[in-house]
Amino acid sequence: MINREMLDELTINEIENKYPFIISFFADNKLDVDDYRNETFISFLEHFSEEEREEWAIDTTKLTEDIIVYINTMLDFLGIKEEKAVDSLTIIAGHDKSGQKENFDNITINKSEIISIVGPTGSGKSRLLADIEWTANEDTPTGRAILINGEKPDKKWRFSSGNKLVAQLSQNMNFVMDLTVSEFLELHAKSRMVENEEEVIKKIIEAANNLAGEAFDLNTPITSLSGGQSRALMIADTAILSTSPIVLIDEIENAGIDRKKALDLLVSKEKIVLMATHDPSLALMADKRIVIRNGGIYKVIETGKEEKAMLRELEKMDKVIKGLRTSLRKGEIINYNDNISNIKVYESIH
């Protein structure tokens, strides 16, 4: 909700970015704010002389009250609740499948951090992701509790359709709507009331093609996108357009995308990123990794210097494999002599 104090602080540019629908208010009241976008709305009203106010029947006090009522009414009508920024997520210990307390007390994850979740198949990685998405309050099979910014979250996070706490990217990303990429992104942008729609869509498609192994454009039907292209599109869309501050990723290793670039993109937008993975490169890209055993958190490991050194070698291996994969896709013959120097990277690892 907006109040008079906020009007004294926000510039007209900031108001329009925060509440794009305010443009209609300016138009309906015939207020030309183009030359005053870097000033506050109050400052804009003060520029009118007494003669102008009298001639055009401008009541600055009423306009100040009206703009506050207009914004707050629109927020209520659209079902938009302005939330405090999510700076941290805390997981409070529950129990494993045997009923034994998990081997930690609590874990706090801050924005722009990446956490990997590792463990055998069926150990409970997806259950941890589900607890976070549900904002568990000792009411899930694990008995865990989730705090947001150190406080118990409001239950509305569980049921909100407009401003979800969590964006989840699952292993299978299939589209069923008969839309082009452009139409799909336009729908999402409009639902977020984005003012600079074309610019945002351009950023998303550029970011998606930077992640995908094969390029696609805005005219591509979303149903014809490959698995890697679909995942690239959704990661770019989540990073740039989604308001969800927490991103949960399940099995990104088989996505056919540049995984490091994907994580860098999400973190650059100040998201909290948690990913369940079996891939050693992805696990070591994280700041910490949570080890799951028998349905419970068994250990939390901070990625150390030696592991980061190993990651650099693994990235060299990935680069070699990616190059060979590209050659095979192009129908090229793999020449041993041309690739022998790269293949020696494998020997350095062993």
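Each remark here, short or long, concerns the structure printed above.
The sections below set out a description of the structure shown in this document. Predicted model only: the values in this text are computed from it and were never measured.

1. Side note on helix α12 (residues 259-268)
Turning to α12, its buried residues number three or more, namely R259, A262, L263, L265, L266 and V267. Directly after α12, the chain includes E270, whose backbone phi takes a positive value near 60°.

2. Topic: the packing of helix α11 (residues 227-240) against α12
With their axes 8 Å apart at the nearest point, α11 and α12 run at an angle of 15° to one another. For the element pair α11 / α12, the angle class is roughly parallel. Viewed along their axes, α11 and α12 form a crossing whose handedness is left-handed. Residue-level contacts link I235, A236, T238 and A239 of α11 to A262, L265 and L266 of α12. Each residue belonging to the contact of α11 with α12 can be placed in one class, and the counts come to 6 nonpolar, 1 polar and no charged.

3. Some details on the pairing of strand β3 (residues 114-118)
For a regular strand, side-chain orientation follows a simple rule: the groups alternate between the two sheet faces. Where burial is concerned, most of β3 is hidden: 5 out of the 5 residues are buried. Of the two faces of β3, the one holding I114, S116 and V118 and the one holding I115 and I117 are both buried throughout. Bridge count for β3 against strand β7 (residues 272-276) is 4 bridges, and the pairing is parallel. Residue pairing for β7: I117 is matched across the bridge by A276. Relative to strand β8 (residues 288-293), β3 is paired through 4 bridges, and the arrangement is parallel. Residue pairing for β8: V118 is matched across the bridge by V291.

4. Observations concerning the nonpolar core
Core analysis: the biggest nonpolar cluster contains 44 residues, and V181, F184, F216, I222, L233, I249 and L263 have the highest contact counts within it. Elements with a contribution of two residues or more to this core: α9 (181-191), α10 (197-211), α11, β6 (246-250), α12, β7, α13 (280-285) and α14 (305-329). When neighbours within four sequence positions are excluded, L233 is seen to be in contact with F175, V181, F184, L185, I204, A208, F216, I222 and L225. If you look at the next biggest cluster of nonpolar residues, it comprises 25 residues, including I109, I132, L165 and A276.

5. With respect to the sheet that holds β7
Overall, mixed pairing links the 6 strands, which are arranged β5-β6-β7-β3-β8-β9 in an open sheet. Either end of the sheet is taken by a strand with one partner, and the two such strands are β5 (166-169) and β9 (296-302). Taking each pair of neighbouring strands and ignoring which way they run, the sheet shows an average axis angle of 20°. Running at roughly 170° to β5, α11 makes contact with β5 and β6 of the sheet.

Rules behind the numbers
Residues numbered from 1 in each chain as written. Predicted model: local features only at pLDDT ≥ 70, side-chain atom pairs only at ≥ 80, totals over all residues. Heavy atoms only, no water. Buried < 20%, exposed > 50% of the residue type's maximum accessible area, 1.4 Å probe, protein only. Helix = DSSP H or I, 4+ residues; strand = E, 2+ residues; numbered from the N terminus. Axes fitted to C-alpha atoms, helices over the stretch in contact; angles between N-to-C directions. Parallel < 35°, antiparallel > 145°, perpendicular 65-115°, else oblique. Left-handed = near helix turned anticlockwise from the far one by under 90°. Contact = heavy atoms within 4.5 Å. Nonpolar A, V, L, I, M, F, W, Y, C, P; charged D, E, K, R; others polar. Pairing = 2+ DSSP bridges. Core = buried A, V, L, I, M, F, W, Y, C linked by side-chain atoms within 4.5 Å.

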